[in-house]
Amino acid sequence: MAIDLSVSWLGVNMENPLYNASGVMCRSREELDAVAASAAGALITKSCTLSAREGNPEPRYATAPFGSINSMGLPNAGYEYYLDYAKIYDHASGKPLFVSISGMTLEENLTMLKAFRDAELPCLVELNLSCPNLPGKAQIGYDFAASSHVLSEVVKVYDKPFGVKLPPYFDPVHFAEMASVLNSFPSLKYVTCINSVGNGLVIDIDQESVVIKPKAGLGGLGGDYVLPTALANVREFSRLLDDKHVIGCGGIKSGREAFMHILAGATAIQVGTCLYEEGVDCFARILNELAAIMEAKGYSKLADFRGKLRTM
Ligand code: SIN
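These lines cover the structure that appears in this document, whether it is placed above or below. (Residues numbered from 1 in each chain as written. Predicted model: local features only at pLDDT ≥ 70, side-chain atom pairs only at ≥ 80, totals over all residues. Heavy atoms only, no water.)

## A short note on the sheet that holds strand β6 (residues 67–70)
If you walk across this open sheet you meet the four strands as β5-β6-β14-β11, and the pairing is antiparallel. If you trace the sheet from one side to the other, it starts and ends with β5 (61–64) and β11 (197–201), each paired once. The mean inter-strand angle of the sheet, taken between neighbouring strand axes irrespective of direction, is 40°. Note: β11 against strand β14 (residues 218–222), three bridges, orientation antiparallel. Looking across to β14, one finds that Val-197 is bridged to Leu-221. (Pairing = 2+ DSSP bridges. Helix = DSSP H or I, 4+ residues; strand = E, 2+ residues; numbered from the N terminus. Axes fitted to C-alpha atoms, helices over the stretch in contact; angles between N-to-C directions.)

Laid out in structure tokens, this is it:
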């Protein structure tokens, strides 16, 4: 059976639904080029700020028993670097380029959004409302009034379709409250669920120590630790949002988790920890595994099972 993994959404045509999670393999041109040259269906830049940032002190990423922990602190080359990359990127290559923005203030976000708007490039923006690794700064996505305010200001200056990267939510009341905020912005066309599960603590029992330096060891969890939470967020936002796409991110390391995210409602899916650990070859492997699962189940395209998770 011919398996078609392609996905078309918001005018974006992807050969397959897989791309990097912002933060992994996307800080430098060389890394972005490597994702572009891989089997991924798209690529996204590292969340950028107005000026370049070194990020938090090292070590700031560690492999953990069931995934990873990181407290990178938004190391990035500054938005102009990614804007320049978007200007020279071959948008006709068939691999859409997404741009992640994560200003340290609302004003920074507005300045960067205006610059991307004025450049008139065929890139979709993912506005990051959920970095958990900035000491002293709360994740905007956990403050519904602040999220609403940010989005109200964003849509005043940015008239193109855009998306937001959300933190994980853990309570049905919070899913509903955030969905109601997001539903009041028609040009907000997609959400990415989830960012890392913020401020976990991984302990090395031999060393009797934390495993990363920033925030006394607290960091965002990824990998197996977060899969059920990611799936819950994908499924709940798929149900609660009007006419918006959900991009799944969290715990995808094989075709099985990719299948689960799409079954829960994801339009496309991003890979973080597994990409960090395995490199860009993971895309071809995961896609082959996903195609094999689909074939075994008799599905020829993603729409055959997307969002069709059964409940009891
Ligand atoms: C980081 O750079 O600290 C990660 C960014 C994020 O999780 O949003």
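We are not done yet, so read on.
## Thoughts on the site of the ligand
Inspection of the region around the ligand gives Lys-46, Met-72, Gly-73, Leu-74, Pro-75, Asn-128, Cys-131, Pro-132, Asn-133 and Asn-195 as its neighbouring residues. In this structure, Asn-133 approaches the ligand through a side-chain N or O atom, which is 2.8 Å from an oxygen atom. Within the complex, 94% of the 260 Å² of free accessible area of the ligand lies under protein. For the shell around the ligand, the class distribution of residues is five nonpolar, four polar and one charged. (Near = heavy atom within 4 Å. Polar contact = N/O pair within 3.5 Å; in protein donor to acceptor, adjacent residues only side chain to side chain. Areas by Shrake-Rupley, 256 points an atom, 1.4 Å probe, with all protein chains shown as cover. Nonpolar A, V, L, I, M, F, W, Y, C, P; charged D, E, K, R; others polar.)

## Some thoughts on the pairing of strand β9 (residues 162–166)
Extensive coverage of β9 is indicated by the burial of five of its five residues. The two faces of β9 match: Phe-162, Val-164 and Leu-166 on one face and Gly-163 and Lys-165 on the other face are all buried. Here strand β8 (residues 124–128) pairs with β9 via four bridges, running parallel. The residue bridging Leu-127 from the neighbouring strand is Val-164, located in β9. Crossover handedness for the path β8 to helix α4 (residues 144–157) to β9: right-handed. Both β9 and strand β10 (residues 188–193) contribute to a ladder of five bridges, which runs parallel. (Buried < 20%, exposed > 50% of the residue type's maximum accessible area, 1.4 Å probe, protein only. Right-handed = clockwise from strand over helix to strand, strands pointing away.)

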